[in-house]
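Each chain, letter by letter, is given below.
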Amino acid sequence: MSRQIRLTATVLTLMLLTSCASITSVPAGPLTLGEGHPATLDREWSDISTLTARTPQVRVLTIDGLALNRLYVAQGLKPGEGLTRPMAKDKPVPAYRKDMSPNEVIEFVSDSVAAQGYQRVETGELKPARLWGKDAVRIELTAKTETGLEVSGVAEAADIGGRLYLILYLAPSEHYFNTYLPSVEALFHSAA
Amino acid sequence: MLLACLAMAACTTTEVRKAAPTAIAAPVADSKVIVVNPDVKLAVLTAAGLQEPREDWSQSARANLNTAINDALKGRAHRFEALDPQASMDGRAGQLLRLHEAVGQSILVYSYGGLRLPTKAKGFDWTLGEGAQVLGQQHQAAYALFVTGRGTYASAGRAAVVIGAAMLGVGVPMGSQQVFASLVDLHTGQVVWFNVATAGPNADIRSAEGAAALTRDLLKGAPL
């Protein structure tokens, strides 16, 4: 099936899901991630988790729709769990493993992005970060959609008590990534 | 009931969205408008419900819509310049054309499809961003008109399945075609006008007549 037809099928599928899915507002303000980890959103997001193939511990937020910006908030992935569920039995998704090294966490994030259909995923230099007082890694990445639209991303991840906490933001490099990056940076800062 | 369904099926339906009135800057007379050649992808819907791309249909529909759009814009008080997207996919202009596809599909899903994002509840507000000025500067244009078509037509086998299923009281989709048009302000990047036409049987875009009929409905009310 060509990518255009697949895109149309995706659109139609999303339209058909309308009757049974709900999208909720996540207003600006404090929120708690996982087991009591506080963070703050500086603006409203839409929670579109029910329309995605995410794992239960993952919330998927957007402002303009998944094609234009998406924020994955993994609230404690257990070993063996991925950011998303496998779309097919023969297409396993990358799974988190306990005691991953920082470079392995980068690889996990990069592979998780690729598993969602993004191509040419390239990660930048690993940078140190803090999440809830714990050592974390910060990763910046670029990728392309099937149509060739360039996408930028940034993520921060930390292993806390054997579970992976990950905040990953993806958006087209043209206009959308920079427009909402300050809000994502504010979220990182609130969770430092 | 059957007659009502047939009557409804015989019409092309359209549904217009516009940016909030305060955001609209309707083109002033003699504005230059880029008309991006239509992007059309059609497929045959098989008896099993699979979609198989038909490049021959897509090419015909693309050419027919292009002619129909140019005819429809003749005599309007603006200057129009055709843009072949295949020759403009490099660099930032190419990224803007690709971004428009993503924005257009998002509009279909979230403004038409019934999925409503709380973050888009304040009205029709979609944009390519101010980077759209790059397209405007390259072509000395103030607006860009995009037309995108996607759809399927039932194969003979599919039609037989539909008839058989109908006799059993089961509804099976026959295939449908949707064409959307969007007008983008190349200064702000804002999508100022958007319309979707769902083709009726008299608007088969694989034929010149059908494409002309659909284009009349699609561009009806366009602020051009």
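Just above, that's the structure.
Residues numbered from 1 in each chain as written. Chains lettered and ligands numbered in written order. Predicted model: local features only at pLDDT ≥ 70, side-chain atom pairs only at ≥ 80, totals over all residues. Heavy atoms only, no water.

Asks: Even after reading the chapter, I still don't get unusual backbone geometry, so can you show me in this structure?
Replies: Leaving glycine out, the prevailing phi sign among residues is negative, and the prevailing peptide bond configuration is trans. Residue and element names in this part refer to chain A. At His 175, a residue that is not glycine, the phi angle is positive and equals roughly 70°. Looking at the secondary structure, you find His 175 in the loop between strand 11 (163-172) and helix 3 (176-190). By relative accessible area, His 175 is classed as partly exposed at 25%. (Helix = DSSP H or I, 4+ residues; strand = E, 2+ residues; numbered from the N terminus. Buried < 20%, exposed > 50% of the residue type's maximum accessible area, 1.4 Å probe, protein only.)

Asks: Can you walk me through the interface of chain A and chain B in this structure?
Replies: Interfaces are frequently sized by the accessible area removed from exposure as the parts join. Contacts between chain A and chain B engage 34 residues on the former and 32 residues on the latter. Both sides of the chain A and chain B interface together cover about 2800 Å² of buried area, and 63% of this is carbon and sulfur. Where chain A touches chain B, the interface holds two salt bridges. A salt bridge links B:Arg92 to A:Glu174; its shortest N-O distance comes to 2.8 Å. Where chain A meets chain B, there are nine residue pairs in polar contact (both at pLDDT 80 or more). At the level of secondary structure, the elements contributing two or more residues to the side of chain A that touches chain B comprise helix 1 (3-16), strand 1 (24-26) and strand 4 (45-47) of chain A. Tallying contributions element by element places helix 1 of chain A first for the side of chain A that touches chain B, with seven residues. Its residues placed into classes, the side of chain A that touches chain B shows 17 nonpolar, 12 polar and five charged. (Contact = heavy atoms within 4.5 Å. Buried area = accessible area lost by both parts, 1.4 Å probe. Salt bridge = Lys/Arg side-chain N within 4 Å of Asp/Glu carboxyl O. Polar contact = N/O pair within 3.5 Å; in protein donor to acceptor, adjacent residues only side chain to side chain. Nonpolar A, V, L, I, M, F, W, Y, C, P; charged D, E, K, R; others polar.)

Worth remembering: the numbers are spatial, not functional.
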